[in-house]
Protein chains: 2
Amino acid sequence: MADSGNNFVSLAVYNRMPVYLKALLALKRDGKKFVSSVILADYVRENPSLVKKDLSYAITSVGKPKVGYDIDSLILDVENFLGYNNVKDAVLVGVGKLGQALMGYHGFDKYGLNIVAGFDIDDNVIGKVFNGKKVFPTDSLAGLVSKLNIKIGILTTPQDHAQPMADLLVQSGIRAIWNFTPVHLALPDSVAVKNEDMASSLAILSKQLKEILFKESN
Amino acid sequence: MADSGNNFVSLAVYNRMPVYLKALLALKRDGKKFVSSVILADYVRENPSLVKKDLSYAITSVGKPKVGYDIDSLILDVENFLGYNNVKDAVLVGVGKLGQALMGYHGFDKYGLNIVAGFDIDDNVIGKVFNGKKVFPTDSLAGLVSKLNIKIGILTTPQDHAQPMADLLVQSGIRAIWNFTPVHLALPDSVAVKNEDMASSLAILSKQLKEILFKESN
DNA sequence: TCCCTATCGATATTTTTTTATCGATATAAT
DNA sequence: ATTATATCGATAAAAAAATATCGATAGGGA
């Protein structure tokens, strides 16, 4: 049954769910109507039992023995679980190359994320428009955030502005920060943080590469 | 003792290690010489026992009772564990906004990652230079990768080019792909993949935000 | 129609990860 | 010099996560 309210679901499940979704969309494109946990597990390289348990958090209707799950309905369930249907407004602070890339990324619509505006201190970008979203001076951040009751902030500033801008976001009423800077932010418990940690990713990739090359040399 | 060779260390450790490193660098900047597992755990919001166990994978010298670990030597150990000292060359495919941001990002030096060149099919970027790295046509990718024996490819293309370009990378001899596209890549087992999954990150951030707001409303 | 089989969903088992405990010891205080 | 204490490092215990098992059942084929 679907997880209504606040039953605990582990972060690992949240990490795998979008992977299942990508697989389901690919299977749908291939014209498939049903998929079993075995097929899906094979596709995403997980264990079928794990897939069944994970999907049980999202699913609203039962799967059929001998056939598996209805792909269309499963896609809806997973998208719903991930919150892709309820739109979440966000502001972005630091409109450099990365900030521009994120403002211009059309994929966020799909995830239910709507970047309302960008903020920067640089006159060269203030006033510019990326993907229909305008860049404002950081002075005006607090006003807009509180007026529109925005809860999510995306942080793409240079390192030395990360903490001050995070503080400004929090003062303005932001309660969740998606941190693309490599800075360890000091924030109150009342604010959620997700660090997009390139260092970790790269370390994991290197480790895996090392393991693959090691296995071959033996 | 430090993990030499191929003793298994879990991905969770690899995820936390860069967080410890950031904390250690911050403590060093504050003039601290030693740090205990309790202090470090408090800083990164983990359990002291976990910190001790994690650090044991990286550490080469023992910590002192009543004092803790020597910060300078611990920083070296963790950087070594993460492979920041041995330089890893990489190529980047897809020099759009995100590709340019990554090519221009100076932080990668620190992690031991050296982007040697960018590749694209668009004449508007071919020939341009970002952060001292030139952009070449994708035709020339295979030649350069095999000549320089490069093992890591960074994928920042539009969605529809992701799989073909991943295939090209693999054919050229690339053995590890850092995938910034939201595409599920079909690749042989002999190639490591790390998906930089924005969908997962955002889902986790939303979940945390929801939990925080839920907790307050009760 | 009646069996055979693939699969679900629930639960039991196993494995992995995290946390707690404890003896040894270096440092600081008395 | 002696004592008290904070910490390490090893290991035991607990918790969490992943995997395997199994009865029930829908669908396909004899």
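Summarised in this report is the structure supplied together with it.

Conventions and cut-offs
- Residues numbered from 1 in each chain as written.
- Chains lettered and ligands numbered in written order.
- Predicted model: local features only at pLDDT ≥ 70, side-chain atom pairs only at ≥ 80, totals over all residues.
- Heavy atoms only, no water.
- Near = heavy atom within 4 Å.
- Polar contact = N/O pair within 3.5 Å; in protein donor to acceptor, adjacent residues only side chain to side chain.
- Helix = DSSP H or I, 4+ residues; strand = E, 2+ residues; numbered from the N terminus.
- Nonpolar A, V, L, I, M, F, W, Y, C, P; charged D, E, K, R; others polar.
- 1 Å grid on protein atoms, 1.4 Å probe; cavity = no way out; pocket = protein on both sides within 12 Å on 5 of 7 lines; lining within 4 Å.
- Points joined across faces, edges and corners; volume = space filled by probe spheres on them.
- Buried < 20%, exposed > 50% of the residue type's maximum accessible area, 1.4 Å probe, protein only.
- Arc of directions from axis to C-beta.
- Least-squares fit on C-alpha atoms with pLDDT ≥ 70 in both.
- Contact = heavy atoms within 4.5 Å.
- Pairing = 2+ DSSP bridges.
- Axes fitted to C-alpha atoms, helices over the stretch in contact; angles between N-to-C directions.

1. Here's the deal with the protein's contact with DNA strand C
So, step 1. Taken together, 22 residues surround DNA strand C, and among them S37 and G63 of chain A together with R16, N47 and S49 of chain B come closest.
So, step 2. Sugar and phosphate atoms constitute 57% of the interface atoms of DNA strand C, taking the interface as everything within 4 Å of the protein.
So, step 3. A distance of 2.6 Å separates a phosphate oxygen of DNA strand C from a polar backbone atom of G63 of chain A.
So, step 4. Contacts to DNA strand C include S49 of chain B, whose side-chain N or O atom sits 2.7 Å from a base nitrogen.
So, step 5. Only α3 (48-56) of chain A together with α3 (48-56) of chain B provide two or more residues apiece to the surface near DNA strand C.
So, step 6. Sort the elements by how many residues they give to the surface near DNA strand C and α3 of chain B lands first, with three residues.
So, step 7. Considered class by class, the residues forming the surface near DNA strand C number seven nonpolar, seven polar and eight charged.

2. Considering the layout of surface pockets
So, step 1. Considered as a void within the structure, the second largest pocket measures approximately 1000 Å³ in volume.
So, step 2. If you trace the second largest pocket, you find 46 residues lining it, with T157, P158, Q159, T181 and P182 of chain A closest to the centre.
So, step 3. Contributing elements (two or more residues each) for the lining of the second largest pocket: α5 (97-104), β4 (113-120), α8 (159-172) and α9 (198-216) of chain A together with α1 (11-29), α5 (97-104) and α6 (107-110) of chain B.
So, step 4. For the lining of the second largest pocket, the element with the highest residue contribution is α1 of chain B, accounting for seven residues.

3. Considering helix α2 (residues 37-44) of chain B
Residues and elements named next belong to chain B.
So, step 1. Among all positions of α2, only S37, L40, A41 and V44 are buried. All buried residues of α2 project into a common sector of 100° when viewed along the axis, lining one side. Seen from the open side of α2, the exposed residues pointing more than 90 degrees away from its buried face are V38 and D42.
So, step 2. Trailing α2 by a residue or two, R45 shows a phi angle of about 60°, which is positive.

4. A few points about the relation of the copies chain A and chain B
So, step 1. Laying chain A over chain B is done by rotating through 180° and shifting 0.0 Å along the axis; what remains is an RMSD of 0.0 Å. Expressed as a symmetry operation, the mapping of one chain copy onto the other fits a two-fold axis.
So, step 2. Taken together, the interface assignments show that 98% of the residues at the interface of chain A recur at the interface of chain B, consistent with an identical surface on both copies.

5. Quick look at the sheet that holds strand β6 (residues 133-137) of chain B
Residues and elements named next belong to chain B.
So, step 1. Across the sheet, seven strands lie side by side as β5-β6-β4-β3-β7-β8-β9; this open sheet has mixed pairing. Of all strands in the sheet, those bounded by a partner on one side alone are β5 (129-130) and β9 (192-195).
So, step 2. Its contacts with the sheet put α5 on β3 (88-93), β4 (113-120), β5, β6 and β7 (152-155), and the angle it makes with β4 is roughly 150°.

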